[in-house]
Every structure is written in structure tokens, then in C-alpha cells.
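# Commentary on secondary and tertiary structure
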Amino acid sequence: LGTLTSESSEPANRWSSLYKAISRSLKILNALETKALNIPHSKFVQYKGEAYFMIGFAYGELATYFGDCVLNKTGMSLDEAYTASRSPRRDVFNFAYACLDSAAADLLFTYTGEQRPTKGAALGFKTRFALCAGDYQLAADAARKCMNLGVYKLQDNYLDLFKADSSPELLFYFKGNLSQKYGISPFDGIKNFVIRKLGGYANMSPSLELLCSYT
């Protein structure tokens, strides 16, 4: 209905959370560059890659959803923040690409245990943001690099993609817990997503037209 404004909770929270991620990641990079963290070289490279991954992702999201936005590359004081102006959307996307390229250079191919960003995840998000920006050749090149890693492939059985604990098709994901009966915002109103025949409200259920177009 066009009723969202910059003060609505969804865009406001997205804007603030992404800039918090950028600020924290820049602090990590600064600590790494000034040798304030006494850590092994392998961890140095990993944390550097993860920080650039987060910055690239955050600016890609900001440029996709908001267009022109404040481009903070090195960190800024509160006084500087009060006078900062927006940078063109194109500049924000280009910086996001550069950060994701840096991340891809430092991150590992795979991890065991706790989910962490990988080379493939960095290239995958670069592909997605390039598509949003209309940089189709850039998207194709990043996608090809991701495919050439030899780590990912399409799931053999499509249904299994929604049931498996892991899949070679998934680049970066967090699996939900199907044993939980309640969701977390914005999915806490479970009945909103359940059809009326099953006792739901179906406020957010897909339409028949969407179902037919999906295949």
C-alpha cells in the first residue's frame, strides 16, 4: 500500500543493524592493522576476511534497499557522523564488491562446526548484489568463480533441500528447528503463514498465482 516510511520498524531496524555491523567490522580491521590483537596468522587472515565479508554484505544490502547511503570506509567519530552525506548508490555497490573480493581472497573454502562465511559465500553475495545493481557481466563472472571452486552443486532431490541438515547447494545459511512450535519475529505470528483450512489466518500465505508461477 506504500505506507512504509523511514520511521517504520522494518526499514529503520535494517538500516541501524547494518550500520552497527559495519562499525564493529571496521573496529576489527583497525585492531588487526594496528596489531592490537595478538593472534596466530591463520586467525588474522580469517578475521580480516570475515570483517570484509560483513562490510561488503552490509553495504550491498544498504545500496539494494536504500540506494544512496553514507559510505564509511575507515570509521568515523560522532561529530563526523553528524555531518556525513550520502554517497551515490553506484559508489556503494562498487565498495561492496571490493570488500567481498577481499573476503573471498582470505576466507577458506569450507568450515567444520560453527557456520562461518566462506569464499563461496562471498562470491555468492557479490553475484546477488551485482544482479540487483544490473551489473550482469560482473554477476556472471562472480558466479563462475563460485562454481569453479568445486565445492557447490545443485541438490539432487529438490525436496531434500528443505529437509537436509546440510546441502552442497547451500552457500551460507542457518537451519531452522522444526521441533519449535513458535517462530521469532518477523515469523512469530505462525498462524499468519498457515492456510485457513488448517486453522490459520493465511494473511501471508502465497497466492495460487504465485504457486503456479513458481514451477
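The structure we're discussing is the one just above.
Okay, so let's go over this structure. (Residues numbered from 1 in each chain as written. Predicted model: local features only at pLDDT ≥ 70, side-chain atom pairs only at ≥ 80, totals over all residues. Heavy atoms only, no water.)

## Examining the overall build of the protein
For the protein, the helix and strand inventory stands at seven helices and zero strands. The order of helices and strands in the protein, counted from the N terminus, is α-α-α-α-α-α-α. If you line up the protein on its principal axes, its C-alpha atoms span 60 × 45 × 35 Å. Taken across its 215 residues, the protein has 31% of its residues classed as buried. Pairs at least 24 apart in sequence give 52% of the contacts found in the protein among residues at least 6 apart. For the protein, the exposed area adds up to about 14600 Å²; of that, 56% sits on carbon and sulfur atoms. Averaged over its 24 positive side-chain charges, the protein has a centre that lies 4 Å from the centre of its 20 negative ones. (Helix = DSSP H or I, 4+ residues; strand = E, 2+ residues; numbered from the N terminus. Buried < 20%, exposed > 50% of the residue type's maximum accessible area, 1.4 Å probe, protein only. Contact = heavy atoms within 4.5 Å. Areas by Shrake-Rupley, 256 points an atom, 1.4 Å probe, with all protein chains shown as cover. Lys, Arg positive; Asp, Glu negative; His and termini not counted. Charge placed at Lys NZ, Arg CZ, Asp CG, Glu CD.)

## Quick notes on the nonpolar core
One finds Tyr19, Ile22, Phe53, Ile55, Tyr59 and Leu62 to be the most contacted residues of the largest nonpolar core, which totals 36 residues. Contributions of two or more residues to this core are made by helix 1 (9-33), helix 2 (41-66), helix 4 (89-106), helix 5 (119-133) and helix 6 (136-148). Filtering out sequence-adjacent residues up to four positions away, isoleucine 55 remains in contact with Ile22, Ser25, Leu26, Leu29, Phe95 and Cys99. (Core = buried A, V, L, I, M, F, W, Y, C linked by side-chain atoms within 4.5 Å.)

## Quick word on the pattern of salt bridges
Applying the stated criterion across every chain, the model contains five salt bridges. Across the pair arginine 116 and glutamate 50 runs a salt bridge whose closest N-O atoms are separated by 2.6 Å. One end of the pair, arginine 116, is in the loop between helix 4 and helix 5; the other, glutamate 50, is in helix 2, with 66 residues separating them in the sequence. Its relative accessible area of 22% is what places arginine 116 among the partly exposed residues. Overall, glutamate 50 belongs to the buried group, its relative accessible area being 14%. (Salt bridge = Lys/Arg side-chain N within 4 Å of Asp/Glu carboxyl O.)

## So, unusual backbone geometry
Positive phi, normally seen in glycine, also occurs at lysine 35, with a value near 60°. Of note, lysine 35 is situated in the loop between helix 1 and helix 2. The exposure class of lysine 35 is exposed, given its relative accessible area of 63%.

## Side note on the side chain of serine 25
With respect to the element layout, serine 25 can be found in helix 1. Among the residues examined, serine 25 registers a relative accessible area of 6% and is labelled buried. Residues within four places of serine 25 in sequence aside, it is in contact with Ala51, Met54 and Ile55.

## Concerning the packing of helix 4 against helix 5
It is at 8 Å that the axes of helix 4 and helix 5 come closest, and there the two elements cross at 165°. Relative to helix 5, helix 4 is oriented roughly antiparallel. The two elements helix 4 and helix 5 cross, and the hand of that crossing is left-handed. Facing Arg89, Arg90, Phe93, Tyr97, Leu100, Asp101, Ala103, Ala104, Ala105 and Asp106 of helix 4, the residues of helix 5 in contact are Lys119, Ala122, Leu123, Phe125, Lys126, Phe129, Ala130, Cys132 and Ala133. Residues of the contact of helix 4 with helix 5, tallied by class, amount to 13 nonpolar, no polar and six charged. (Axes fitted to C-alpha atoms, helices over the stretch in contact; angles between N-to-C directions. Parallel < 35°, antiparallel > 145°, perpendicular 65-115°, else oblique. Left-handed = near helix turned anticlockwise from the far one by under 90°. Nonpolar A, V, L, I, M, F, W, Y, C, P; charged D, E, K, R; others polar.)

No statement about biological role is implied by the geometric values presented.
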